[in-house]
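# Residue-level structural notes
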Amino acid sequence: MSTPVAKPFIRVNGLRKVYRKGNQEFLAISDATFEVAPGELVSLVGPSGCGKTTLLKVLAGLQDYDSGEARIGSATHPFDPSRDIGMVFQQALLLKWRRVLQNVMLPAEILGLPIRESRERAGELLAMVGLTGFEDKYPYELSGGMQQRAAIARALIHDPKLILMDEPFGALDALTREKMNLELLNIWKRSGKTILFVTHGISEAVFLGTRVIVLTASPARMADNIKIELPEPRTLDVKTSETFGEYSRRIYHLLGLG
């Protein structure tokens, strides 16, 4: 008996976005087409200026587009961007005058969620990201990696259906970045959330993603949608495998780097 295929949680079809300034036009996204199943962690990789962040903004409802389709959820499972999305950016953007627990609580406060239950959930999330005992610290008392873990907890506090991550580890040093990659995989497995992860790091994209969507530089276009099949659970040792190298080389060639 065959296993039923999950209906796509995200469907992008022929998406095109053009920025206009006076008589000038800049093609940000050209004919992007892909689907994301519930619970996937999909990497979006490409050079700077290729439309990765624009695509996230479209999915978040923060940016319009010129043609095509960008749909999240379904008629039977409606999606509310203001309630069902959590976002993590390159900088943690923690409010420096609020303690860690207060920062994590912020989306719950904005959405008017019950405070007591939200505080309990914030404590559970801080434990999940390894920040138990740091609830009363201020952001300046945390390392860069710890700040990003707090930002991930903040993105999960209102139990969103979708997490959008825009180069969240780009400002970290190489060793901390590797540790955060492992931490993110652990958080993803434990939370079961659907995650779109934007990066310009090919190795990072392959290591994290169940699939890698490759976007090329101008003229912006979607070059490929690659299913990643690597041993689970993933450890850093997988980066030395021939299979990992094959995926990486394939993406290098798609981006004109090989």
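Refer to the structure presented above.
### Some points on the overall build of the protein
Within the protein, the secondary structure is distributed over eight helices and nine strands. For a compact globule of 258 residues, the expected C-alpha radius of gyration is about 18 Å, and the protein comes in at 19 Å, within 12% of that figure. Structurally, the protein occupies a C-alpha span of about 50 × 45 × 45 Å along its principal axes. Burial statistics for the protein: of 258 residues in total, 47% are counted as buried. As displayed, the protein has an accessible area near 13,000 Å², and 52% of this comes from carbon and sulfur atoms. One way to put it: in the protein the 32 positive side-chain charges average out to a point 2 Å from where the 29 negative ones average out.

### A look at the packing of helix 5 (residues 144-156) against helix 6 (residues 174-191)
Direction vectors running N to C along helix 5 and helix 6 enclose 25°, while the axes themselves pass 10 Å from each other. By the angle class used here, helix 5 and helix 6 are roughly parallel. Where helix 5 crosses over helix 6, the two elements pack in a sense that is right-handed. Contacts between helix 5 and helix 6 involve Gly145, Gln148, Arg149, Ile152 and Leu156 from the former and Thr176, Met180, Glu183 and Ile187 from the latter. Tallied by class, the residues present in the contact of helix 5 with helix 6 amount to four nonpolar, three polar and two charged.

### So, the side chain of Lys52
Note on placement: Lys52 falls in helix 1 (residues 52-59). At 2.9 Å, the side chain of Lys52 and the backbone oxygen of Gly46 are in polar contact. Engagement of the side chain of Lys52 in a polar contact is seen with the backbone oxygen of Pro47, the distance being 3.0 Å. Look past the residues within four positions of Lys52 in its chain and what remains in contact with it is Leu44, Val45, Gly46, Pro47, Glu167, Val198, Thr199, His200 and Leu215.

### What about the pattern of salt bridges?
Pairs can form between side chains of opposite charge once their charged atoms are near each other. Applying the stated criterion across every chain, the model contains 18 salt bridges. Asp66 is paired through a salt bridge with Arg20; the nearest N and O atoms lie 2.9 Å apart. Placement of Asp66 in the loop between helix 1 and strand 4 (67-72) and of Arg20 in strand 1 (residues 10-21) is noted, with a sequence separation of 46 residues between them. Note on Asp66: relative accessible area 36%, which makes it partly exposed.

### Re the pairing of strand 1
Two elements, strand 1 and strand 2 (residues 24-36), share nine bridges in a ladder whose sense is antiparallel. Note that in strand 2 the partner of Ile10 across the bridge is Val36. Between strand 1 and strand 2, which pair antiparallel one after the other, the connecting turn spans two residues, and Gly22 there sits at a positive phi close to 65°.

### Overview of the sheet that holds strand 4
Pairing within the open sheet is antiparallel, and its three strands lie in the order 2-1-4. At either end of the open sheet lies a strand with only one pairing partner, and these are strand 2 and strand 4. Pairs of neighbouring strands in the sheet enclose a mean axial angle of 30°, with direction left out of account. Inspection of the sheet shows strand 1 paired to strand 4 by five bridges, in the antiparallel sense. When the bridges of strand 4 are listed, Ile10 appears paired with Ile72.

What counts and how
- Residues numbered from 1 in each chain as written.
- Predicted model: local features only at pLDDT ≥ 70, side-chain atom pairs only at ≥ 80, totals over all residues.
- Heavy atoms only, no water.
- Helix = DSSP H or I, 4+ residues; strand = E, 2+ residues; numbered from the N terminus.
- Rg over C-alpha atoms; globule rule 2.2 N^0.38 Å.
- Buried < 20%, exposed > 50% of the residue type's maximum accessible area, 1.4 Å probe, protein only.
- Areas by Shrake-Rupley, 256 points an atom, 1.4 Å probe, with all protein chains shown as cover.
- Lys, Arg positive; Asp, Glu negative; His and termini not counted.
- Charge placed at Lys NZ, Arg CZ, Asp CG, Glu CD.
- Axes fitted to C-alpha atoms, helices over the stretch in contact; angles between N-to-C directions.
- Parallel < 35°, antiparallel > 145°, perpendicular 65-115°, else oblique.
- Left-handed = near helix turned anticlockwise from the far one by under 90°.
- Contact = heavy atoms within 4.5 Å.
- Nonpolar A, V, L, I, M, F, W, Y, C, P; charged D, E, K, R; others polar.
- Polar contact = N/O pair within 3.5 Å; in protein donor to acceptor, adjacent residues only side chain to side chain.
- Salt bridge = Lys/Arg side-chain N within 4 Å of Asp/Glu carboxyl O.
- Pairing = 2+ DSSP bridges.

That is the geometry; function is a separate question.
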